[in-house]
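# Observations on chain architecture
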Amino acid sequence: MDVERTKLRGLSPLDQPRSPEELRIRQLRARDMLRGDIDDADLDEYVESRVMTTTLERAQNWARGNSMFPATFGLACCAIEMMSMVSARYDTARFGAEVFRASPRQADMLILSGRVSIKMVPVIRRIYDQMLEPKWVLSMGACSSSGGMFANYAVVQGADKFLPVDIHIPGCPPRPEALIYGILKLQRKIFGEPDLGWRERYKAYGTEEDERPWKSGPLSVQRVGAAPSDGIVESHGSPPSDAELHAPISHPELSGHEAHDAWEEAADDERVTTSRPPDDRRGDA
Amino acid sequence: MPDAPGLELIAHEVNERHQGAIVGSTYEHGQAALLADKDRIREVLDYLRDAPAHEYRFLASLHAADYLPAEPRFAVHYELLNMPRVERLRVKALVPDTEDGSMPELDSVVEIFPTADFQEREVYDFFGICFRGHPDMRRILMPEDYVGWPQRRDFPVGGEPVIFTNTEDTVPGWTR
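Keep in mind the model is a prediction, meaning the values are calculated, not measured.

### Side note on the environment of N152(A)
All names here are of chain A. Here N152 is to be found in the loop between α6 (141-146) and β3 (167-169). Classification of N152 by relative accessible area gives partly exposed; the value is 25%. Through-space distance from the C-alpha of N152 to that of S117 is 9.9 Å; in sequence the pair is 35 residues apart. Polar contacts involving the side chain of N152 include one to the main-chain amide nitrogen of A154, which spans 3.0 Å.

Put into structure tokens, the structure is as follows:
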């Protein structure tokens, strides 16, 4: 194929090729770079099999999903399972989520491992706010997802009342396998469309990097009611309108499952085309 | 722990020194308890702590209970221990609820038993019983701005109604 080299100028190698022609241009350029090591037909074959193109965003999501740093933060008995998740037996290092960071500034995943008492809420919220974007929250076990057996005055009935939670993992406590499965689900979500889901559903904005209070003026604190015990609402600029406060959350326009569904469909296709018959597999074992 | 006759002897002895400070005694399941008038609890504990025959120098625990239908409603329990004799004695201060909804009060024992400091705060935190003369009477476990006394029997259990498929339509706020 005859192509003009001038077309290459101004293109990032990570941009999606807009046409088969453009892809061919890139392959040719890669061939130029490899000239001298291998030659002719071998070189063509090598280039065509090795050079992969993708978008920067996809590459970024792939990198993020495969190296999540959880914050070192245990709340209750679930934390024991969380700890064993990184042990040699379960080994989340296989999925790149084994580096528990001691500082929220270095972490991008918060695992809520246990019941959340109302006195712990400001602490968790602060840790969450200190984490850098992008960040994800896993609610581990029945207690942090719904209050669990602690239906009483001291425990928050579901951590998603004050945090955008990405994945809820059932169990009391969930086994490490379940937690790892949740992490894999989260990975799929990150690979797909990271901004969908609970942040969208709960309108949990204001903690993103470029939305920090010191960049957009002082964070105003608004008191509701006469006594301090009636509750303090921290608002970002102006208080939410009535419509915002009472907006239905049960029917979001985007639920965050679209990306996952798409991925599962693709995985199904793959399974159909590449799977071996079951008896064959048994023969291996 | 003194046996039943021993308990009666202690009750009489305290009552001789401090008329009417002990209103009764119970001996159940091998557990001896003096029932004391709440306004004179300080005198009683002073005496049991320092009288040569008793010398219950250690307050092992201080806690409260709410016996709601019963009258008087609350009791503050003082678990005393004499270390050399390894002998325990329980003193209950009977605290009736107030008519006007104000907080029931009784004297603090922090001055004679410093360990009572945090434990009286805990009783205050959960039962709303105020201790007069406590150096720092405020909540200890619940958040400072919490409203209510959660361990009282008439305090709602809390939590949220659980949705099952058969109650989906009746739980308020969850109808589609």
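### Examining the interface of chain B and chain A
Taken together, the contact pairs 16 residues of chain B with ten residues of chain A. Both sides together, the interface formed by chain B and chain A hides about 1,000 Å², and carbon and sulfur atoms give 57% of it. Where chain B touches chain A, the interface holds zero salt bridges. Taken together, the links from chain B to chain A amount to two residue pairs in polar contact (both at pLDDT 80 or more). Of the residues contributing to the side of chain B that touches chain A, the split by class is ten nonpolar, three polar and three charged.

### Focus: the pairing of strand β4 (residues 74-82) of chain B
All names here are of chain B. Along β4, nine of the nine residues are buried, which leaves the element largely enclosed by surrounding structure. In β4, alternate side chains face the same way, and those of F74, V76, Y78, L80 and N82 on one face and A75, H77, E79 and L81 on the other are all buried. Looking at chain direction, strand β3 (residues 58-66) and β4 are connected through eight bridges and run antiparallel. Within the sheet, the bridge partner assigned to H63 lies in β4 and is H77. As paired strands, β4 and strand β5 (residues 87-95) are joined by nine bridges and run antiparallel to one another. Across the sheet, residue L80 finds its bridge partner in β5, namely L89.

### A word on the packing of aromatic side chains
Under the definition given, this model contains three aromatic pairs over all chains. Considering the side-chain rings of Y153(A) and F155(B), the 6.2 Å spacing of their centres and the 90° angle between planes classify their relative orientation as edge-to-face. With one member in each of two chains, Y153(A) in the loop between α6 and β3 and F155(B) in the segment after β7 (130-132) form a pair that bridges those chains. The structure contains a cluster of three or more aromatic residues connected by ring pairs, namely Y153(A), F126(B) and F155(B). Against the face of Y128(A) rests K135(A), its NZ or CZ located 4.4 Å from the ring centre. Sitting above the plane of the F113(B) ring, R49(B) keeps its charged end 5.9 Å from the centroid.

Conventions we followed
- Along every chain, residues carry numbers that run from 1 in the direction the sequence is written.
- Numbering of ligands from 1 and lettering of chains from A proceed in the order in which they are written.
- Whole-chain, interface and lining totals are the exception, using all residues; otherwise, since this is a predicted model, local features are given only for residues with pLDDT of at least 70 and side-chain atom pairs are given and counted only at 80 or more.
- Heavy atoms throughout the structure, all of them, feed into the side-chain values; hydrogens and water do not.
- Only DSSP runs of H or I with at least four residues qualify as helices, and only runs of E with at least two residues qualify as strands; both kinds are numbered from the N terminus onward.
- Relative accessibility under 20% of the residue-type maximum defines a buried residue, over 50% an exposed one, and the middle range a partly exposed one, all with a 1.4 Å probe and only protein chains included.
- Here a polar contact means two N or O atoms within 3.5 Å. Within protein one must be a hydrogen donor candidate and the other an acceptor candidate, and residues neighboring in sequence count only if both atoms are side-chain atoms.
- Pairs of residues are marked as contacts when any of their non-hydrogen atoms sit within 4.5 Å.
- Take the accessible area each of two parts loses on contact, using a 1.4 Å probe, and add the two losses: that sum is the buried area.
- By convention in these notes, a salt bridge is any Lys or Arg side-chain nitrogen within 4 Å of a carboxyl oxygen on Asp or Glu.
- Residue polarity follows a fixed list, in which Ala, Val, Leu, Ile, Met, Phe, Trp, Tyr, Cys and Pro are nonpolar, Asp, Glu, Lys and Arg are charged, and the others, Gly among them, are polar.
- Here, a strand pair is defined by DSSP locating no fewer than two bridges between the strands.
- Two aromatic rings, drawn from Phe, Tyr or Trp (for Trp, its six-membered ring), form a pair once their centres lie within 6.5 Å of each other, and the interplanar angle then sorts them: stacked below 30 degrees, edge-to-face above 60, tilted otherwise.
- Remark: a charge is flagged as sitting over a ring if the NZ atom of Lys or the CZ atom of Arg is within 6 Å of the ring centre and within 35 degrees of the ring normal.

Read these as geometric descriptors, not functional statements.
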